[in-house]
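Chain residues, written in single-letter form:
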Amino acid sequence: MNFKKLLGVALVSALTLTACKDDKAQTAATAKAEKQAPLKVGVMTGPEAQMTEVAVKIAKEKYGLEVELVQFTEYTQPNAALHAKDLDANAFQTVPYMEQEMKDRGYKLAIIGNTLVWPIAAYSKKIKNISELQDGAQVAIPNNASNTARALLLLQAHGLLKLKDPNNVFATENDIIENPKNIKIVQADTALLTRMLDDVELAIINNTYAGQAGLSPDKDGIIVEYKDSPYVNLVVSREDNKDDPRLQTFVKSFQTEEVFQEALKLFNGGVVKGW
């Protein structure tokens, strides 16, 4: 065979082999990077984040899944970040809240699994029993849509008012048709409600913020949401990534006795399993 021709064939073969090796190396590097990329999950800062750290540890130790928690201080932030693809999932909201966000903001969200129920409760520094609530008393409630309705439903369940539709999870003050004690509803940001206890007769507070103030629905609640509440918290993704198998692995890591026991400790016993 012609020497130059032979040399040419050998050179082409060597270049082809080198290119194949480079392609394989790049593919392997990409796959490794993708494998190492942590699942990003949004949570509310404080005890919810501390509790979820237990699930993060279980995910890594039992399933080899890296999870990065991204913490937020305001309720509208985790869904906005999920929609923007800065998160893979979040774990902070109930069905009514998610549905309202989807309606108001056009988010396309999907439920991946349940976490826990934090019973909402009414607290007071001025009365010990709901029968002591005077006519015209001021009652502070959360000002975001789903928690406003939740608070009104709680007041209705204990005979303090009546709603046009007794099961409406989107009820507003405009839906009140009976108010026998003429209570005055004061709406405020959820994070501010514990500070208002000196100024109102009653404040209905989410367990996240009540727990941070050392309040427990079981020990301190004047009236407490029923244990069979539909307001279970959720792990939520987008519609476009709901089939990511890592999400179900995270849910399995959360739905464990270890996470539940940590929640009981952090929230002074004021939680129930949602699974």
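Residues numbered from 1 in each chain as written. Predicted model: local features only at pLDDT ≥ 70, side-chain atom pairs only at ≥ 80, totals over all residues. Heavy atoms only, no water.

Some remarks on the overall build of the chain
- Across its full length, the chain holds 9 helices and 13 strands.
- Looking at the chain as a whole, 47% of its 275 residues are labelled buried. (Helix = DSSP H or I, 4+ residues; strand = E, 2+ residues; numbered from the N terminus. Buried < 20%, exposed > 50% of the residue type's maximum accessible area, 1.4 Å probe, protein only.)

Focus: helix α4 (residues 95–105)
- Within α4, burial applies to Pro96, Tyr97, Met98, Gln100 and Glu101.
- On its buried side, α4 packs onto α3 (77–83), β3 (89–94), β4 (109–117), α5 (145–157) and β12 (232–238).
- With its phi angle positive at about 75°, Gly106 sits one or two positions after the end of α4. (Contact = heavy atoms within 4.5 Å.)

Digging into the packing of aromatic side chains
- Within this structure, the stated rule accounts for 7 aromatic pairs.
- Between Tyr75 and Tyr209, the ring centres sit 6.2 Å apart and the planes meet at 70°, which makes this aromatic pair edge-to-face. Highlighted residues: Tyr75 in the loop between β2 (67–72) and α3 and Tyr209 in helix α6 (residues 207–212), separated in sequence by 134 residues.
- Residue Tyr75 is classed as buried on the basis of its relative accessible area, which comes to 11%.
- Each residue in the set Tyr75, Phe92, Tyr97 and Tyr209 is aromatic and connected to the rest through ring pairs, giving one cluster. (Phe/Tyr/Trp six-rings, centres within 6.5 Å; stacked < 30°, edge-to-face > 60°.)

What to know about the packing of helix α2 (residues 47–63) against helix α8 (residues 245–254)
- Relative to each other, α2 and α8 sit at 115°, their axes nearing to 8 Å. For the crossing formed where α2 meets α8, the hand is right-handed. When α2 is examined against α8, the residues Met51, Thr52, Ala55, Ile58, Ala59 and Tyr63 are found in contact with a partner set consisting of Thr249, Phe250, Lys252, Ser253 and Phe254.
- Here the residues of the contact of α2 with α8 are counted per class, giving 7 nonpolar, 3 polar and 1 charged. (Axes fitted to C-alpha atoms, helices over the stretch in contact; angles between N-to-C directions. Left-handed = near helix turned anticlockwise from the far one by under 90°. Nonpolar A, V, L, I, M, F, W, Y, C, P; charged D, E, K, R; others polar.)

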